[in-house]
Amino acid sequence: MNLKHKSLLFSAVVLMFIYSISVAIAPRITMEIIDRLTDKSSLSNVKNLIWLFVVVSLVQAISRFISDYSFSLIGKKVTTEIKIKILNQLFRLDGEYLSNMNVGEHLNILDVDTSLIEEVATRTMFSIISDIVTSVFMLFMLLTLQWDLVVFVVGIQVTIVFMQIYFNKKILALKKQTRKINGEITNIEQELLSGFVDIVQLNGKKYFFHKFIEKTREVVKKNLKLEFLFGMNNLIGMSLTLITVTFVLVYGAYKISIGTLTVGGLIAFSIYSQKIISPILRIIRSNLQIQQSIISLDRIFSLLDTNAKIKKNNNIKRPLNGLVQFSDVEFSYKSMSKKMKYSNIELKPNSVNIITGSSGIGKTTMTKLLYRLWDVNSGTINIDKKHIEDYNLNYLRKNLGIVSQDTIIFTDSVIHNITLMKDKISKEYVYEICKLVELHDVIMELPNKYETLLGGDGINLSGGQLQRLAIARAIISDPKILIMDEPTSSLDEELEIKLLENILGFLKKRTTIIITHRKIPIRYGDYIYDCNKL
């Protein structure tokens, strides 16, 4: 937490203490007003007390408002910082982790867990401190009014405390189970929404609903149990509160009748006895939030502490020429026993290098090894005769560009999807590149041209249009090593030839690696490597 956060936090805590004290003294002022009116004291004294009561009430309201706003502001800033740290950590992790991670669980970490930490780390913790101060102050006030009534009230409070502890344990256990099932439901929903068209084509509706309904029924049962526990907890708490109020009124009336308690004293005592219950209940109930936040913190720190198997802070950042060499490389995914071998491949700079081979032979895996999402089991990959692991990982990836089989589209404008908001790229240059890849005319026919929204609620492009957008994106990134994985598979032959002719000059100014089964791209290759024969 930076200095600015600390000063804001200090101000919020001070205001919270002011609020606690004002809450505690207000009933005492009320008592004094009623007793003086009963004793027919001078009106001017009563007026002064009324004004004091108004001032205290205003201080109470204003201090609470500013304190709550400050805690909310701190919480939002801290939560944003935590989310950024989590996302940065995910970018550091290796392909094994990223390909196997539970999307629903990680969405819960980013949204549910961080929100809970925000609430507990700011408002809840300091609210507990405020409630403790308020309770102690009120207990002191009660003792100064009628100590014998306090004994009964404290006895009820102790009963409520044990009751809350009992219910909180059961509620916490159920909430853990519910959260796990909710994570599974989120994962099922994410699978559906990200592949809706494929599921429709597979006639997978029945399969989806079977999984979804089964998990939903589980979570409904858990939630009904939670509602029952919450209801019983509140019912017993309200019953004990009613018993307390009734006893205080009956016993207080008796005290008034024998002259040992004033009417104002009874009203003040009644207010204190009811108000003291609320902060105690909040303190006990906040234990549930604290326990949940401990679990959330454990999940967050478990993710943040996950060791990145890929070393990223190596020092080499020299300009790349682009010579890529695979020497006796062997690699296999943990989930597969089959090893992929790349004996002696030399991908030349300033040329088009074609990689062919049968499906499953490991052509796309080569690209993942170049990006160092995984490291090889044995052998070496060198770039410009330096081991790939000696290069700074961020620097290495900035010098790589890719046109993958599946083009990722962000919910943003066409131009931002092409440039990925890179600095110092003029619109004129974007137009020029889009003309080169035969995409400009298509974009100009869209409702808002280059500002048209894609993805989400926006326009959907065809497969061929998406491939051309991906190629434009890669050209604009101007990488030293360009990887193109089946870049023209959705284009007809005429358009495929025209596009490749247009961009051939660009391809030959860097190390271009084209992975393809198609005959036309192979014609443009300077070097051709068949993975079946390596």
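Each value, and the rule that gives it
Chains are numbered independently. Their residues run from 1 in the order of the written sequence. This being a predicted model, a pLDDT of at least 70 is required before a residue's local features are given, and a value of 80 or more before pairs of side-chain atoms are given or counted; all residues contribute to the totals for chains, interfaces and linings. Note that the side-chain values use all heavy atoms of the structure and ignore hydrogens as well as water. Two distance rules govern patches: like charges are joined within 9 Å, and nonpolar side chains (Val, Leu, Ile, Met, Phe, Trp, Tyr) within 5 Å, applied only to residues with over 30% relative accessible area and no salt bridge. Per-residue and other accessible areas were derived by the Shrake-Rupley procedure at a 1.4 Å probe size, with only the shown protein chains allowed to occlude residues. For this analysis, a salt bridge means a side-chain nitrogen from Lys or Arg found within 4 Å of a carboxyl oxygen belonging to Asp or Glu. A run of DSSP states H or I qualifies as a helix once it reaches four residues; a run of E qualifies as a strand once it reaches two. Both are numbered from the N-terminal end. Type-normalised accessible area, obtained with a 1.4 Å probe on protein chains alone, sets the label of each residue: buried when under 20%, exposed when over 50%, and partly exposed for intermediate values. A pair of strands counts as paired when DSSP detects no fewer than two bridges linking them. By definition in these notes, contact holds between two residues if any of their heavy atoms fall within 4.5 Å. As a rule, the C-alpha atoms of each element are fitted with a line to give its axis, helices using only the stretch in contact, and angles between N-to-C directions run from 0 to 180 degrees. Note on bend: at a given residue it equals the angle between the axes fitted to the 7 residues ending there and to the 7 starting there. Whenever two N or O atoms come within 3.5 Å, that pair is a polar contact, provided that in protein one can donate a hydrogen and the other can accept it, and provided that, for residues adjacent in sequence, both atoms are side-chain atoms. When describing relative orientation, an angle under 35 degrees is termed roughly parallel and one over 145 degrees roughly antiparallel, while 65 to 115 degrees is termed roughly perpendicular and anything else oblique. For any pair of crossing helices, the crossing counts as left-handed if the nearer helix is rotated counterclockwise from the farther one by less than a right angle, and right-handed if it is rotated clockwise. Three classes are used, and their members are as follows: Ala, Val, Leu, Ile, Met, Phe, Trp, Tyr, Cys and Pro are nonpolar, Asp, Glu, Lys and Arg are charged, and the others, Gly among them, are polar. Among the buried residues, those of types Ala, Val, Leu, Ile, Met, Phe, Trp, Tyr and Cys that are joined through side-chain atoms within 4.5 Å form a nonpolar core.

Brief notes about a nonpolar patch on the surface
Turning to step 1, where the next piece is worked out: A cluster of nonpolar side chains, namely Leu139, Leu143, Trp147, Val151, Val154, Val158, Phe162 and Ile165, defines an oily patch on the protein surface of about 770 Å² accessible area.
Turning to step 2, where the next piece is worked out: Those elements that place two or more of their residues in the nonpolar patch are α4 (103-145) and α5 (147-194).
Turning to step 3, where the next piece is worked out: Sort the elements by how many residues they give to the nonpolar patch and α5 lands first, with six residues.
Turning to step 4, where the next piece is worked out: Mapped onto the elements, Ile165 comes out in helix α5.

Observations concerning the pattern of salt bridges
Turning to step 1, where the next piece is worked out: Under the defined criterion, the tally for this structure stands at eight salt bridges.
Turning to step 2, where the next piece is worked out: Notably, a salt bridge pairs Lys215 with Glu218, separated by 3.7 Å at the nearest N-O pair. Remark: Glu218 and Lys215 occur in helix α7 (residues 205-257); sequence separation between them is three residues, near one turn of the helix.
Turning to step 3, where the next piece is worked out: What makes Glu218 partly exposed here is its relative accessible area of 29%.
Turning to step 4, where the next piece is worked out: A salt bridge links Lys508 to Asp526, with the shortest nitrogen-to-oxygen separation between them at 2.7 Å.

Section: the sheet that holds strand β4 (residues 378-383)
Turning to step 1, where the next piece is worked out: Ordered by their spatial adjacency, four strands build an open sheet running β2-β1-β4-β5, and the pairing between neighbours is antiparallel. In this open sheet, the two edge strands, each paired with only one partner strand, are β2 (340-347) and β5 (386-387).
Turning to step 2, where the next piece is worked out: Pairing geometry for β4 and β5, over two bridges, is antiparallel. Residue Ile383 lies in a different strand from β5, and its bridge partner there is Lys386.

Digging into helix α10 (residues 363-370)
Turning to step 1, where the next piece is worked out: Of all eight residues that make up α10, six are buried, and the element is covered over most of its length.
Turning to step 2, where the next piece is worked out: Buried within α10 we find Lys363, Thr365, Met366, Thr367, Leu369 and Leu370.
Turning to step 3, where the next piece is worked out: Directly beyond the C-terminal end of α10, a positive phi value near 55° is found at Arg372.

Remarks on the side chain of Thr178
Turning to step 1, where the next piece is worked out: Take Thr178: it is sitting in helix α5.
Turning to step 2, where the next piece is worked out: Here Thr178 is in contact with Val219, Lys222, Asn223 and Leu226, once residues within four sequence places are set aside.

Some words on the environment of Lys435
Turning to step 1, where the next piece is worked out: Tracing the chain through its elements places Lys435 in helix α13 (residues 427-436).
Turning to step 2, where the next piece is worked out: Considering only alpha carbons, one finds Lys435 and Leu499, 64 residues apart in sequence, at a separation of 9.7 Å.
Turning to step 3, where the next piece is worked out: Those residues in contact with Lys435 that sit more than four places away from it in its chain are His440 and Asn502.

A closer look at the sheet that holds strand β9 (residues 481-485)
Turning to step 1, where the next piece is worked out: Read from one edge of the open sheet, five strands run β6-β9-β10-β3-β11, paired in parallel fashion. Two strands bound the open sheet, and with one partner strand each, they are β6 (400-403) and β11 (527-530). Averaged over all adjacent pairs, the angle separating strand axes in this sheet is 15°, with direction ignored.
Turning to step 2, where the next piece is worked out: Looking at chain direction, β6 and β9 are connected through four bridges and run parallel. What sits directly across from Gly401, in β9, is Leu482.

So, helix α16 (residues 493-507)
Turning to step 1, where the next piece is worked out: If you look at α16, its biggest bend is around 35°, right at Glu501.
Turning to step 2, where the next piece is worked out: Buried within α16 we find Leu495, Glu496, Leu499, Leu500, Ile503, Leu504, Phe506 and Leu507.
Turning to step 3, where the next piece is worked out: Residues of α16 that are buried sit in contact with β3 (351-356), α13, α15 (463-477), β9, β10 (511-515) and α17 (519-523).
Turning to step 4, where the next piece is worked out: Measuring from the backbone nitrogen of Glu494 back to the side-chain oxygen at the start of α16 gives 3.2 Å, which picks out Asp492 as the cap.

A short note on the packing of α15 against α16
Pairs of packed helices are described in terms of their axes, by the angle between the two and the distance that separates them.
Turning to step 1, where the next piece is worked out: At a closest axis distance of 12 Å, the pairing of α15 and α16 adopts a crossing angle of 5°. Between α15 and α16, the angle is such that the two are roughly parallel. Every residue of α16 that contacts α15 at Arg468, Ile471, Ala474 and Ile475 is listed here: Leu495, Leu499, Ile503 and Phe506.

Considering the packing of α13 against α15
Turning to step 1, where the next piece is worked out: For the pair α13 and α15, interaxial distance at closest approach is 9 Å and the crossing angle is 130°. For the element pair α13 / α15, the angle class is oblique. As for the relative orientation of α13 and α15, their crossing is right-handed in sense. Of the residues in α15, those touching α13 at Tyr429, Val430 and Ile433 are Ala472, Ile475 and Ile476.
Turning to step 2, where the next piece is worked out: Tallied by class, the residues present in the contact of α13 with α15 amount to six nonpolar, no polar and no charged.

Topic: unusual backbone geometry
For residues that are not glycine, phi is negative in most cases, and the peptide bond is trans in most cases.
Turning to step 1, where the next piece is worked out: Here Arg372, not a glycine, exhibits a phi torsion of approximately 55°, which is positive.
Turning to step 2, where the next piece is worked out: Relative to the helices and strands, Arg372 is located in the loop between α10 and β4.
Turning to step 3, where the next piece is worked out: A residue is classified by how much of its surface remains accessible, and Arg372, at 1% relative accessible area, is buried.
Turning to step 4, where the next piece is worked out: In this structure, Lys449 takes a positive phi of about 55° despite not being glycine.
Turning to step 5, where the next piece is worked out: Note on placement: Lys449 falls in the loop between α14 (440-444) and β8 (453-454).

Brief notes about the nonpolar core
Turning to step 1, where the next piece is worked out: Counting residues in each nonpolar core, the largest one holds 36 residues, and the members touching the most others are Ile418 and Ile503.
Turning to step 2, where the next piece is worked out: Sorting the residues of this core by element identifies β3, α12 (414-419), α13, α15, β9 and α16 as the ones contributing at least two each.
Turning to step 3, where the next piece is worked out: When neighbours within four sequence positions are excluded, Ile418 is seen to be in contact with Val430, Cys434, Ile443, Tyr450, Leu469, Ala472, Arg473 and Ile476.
Turning to step 4, where the next piece is worked out: Grouped together as the second largest cluster of nonpolar side chains are 30 residues, Leu320, Tyr371, Val376 and Ile388 included.

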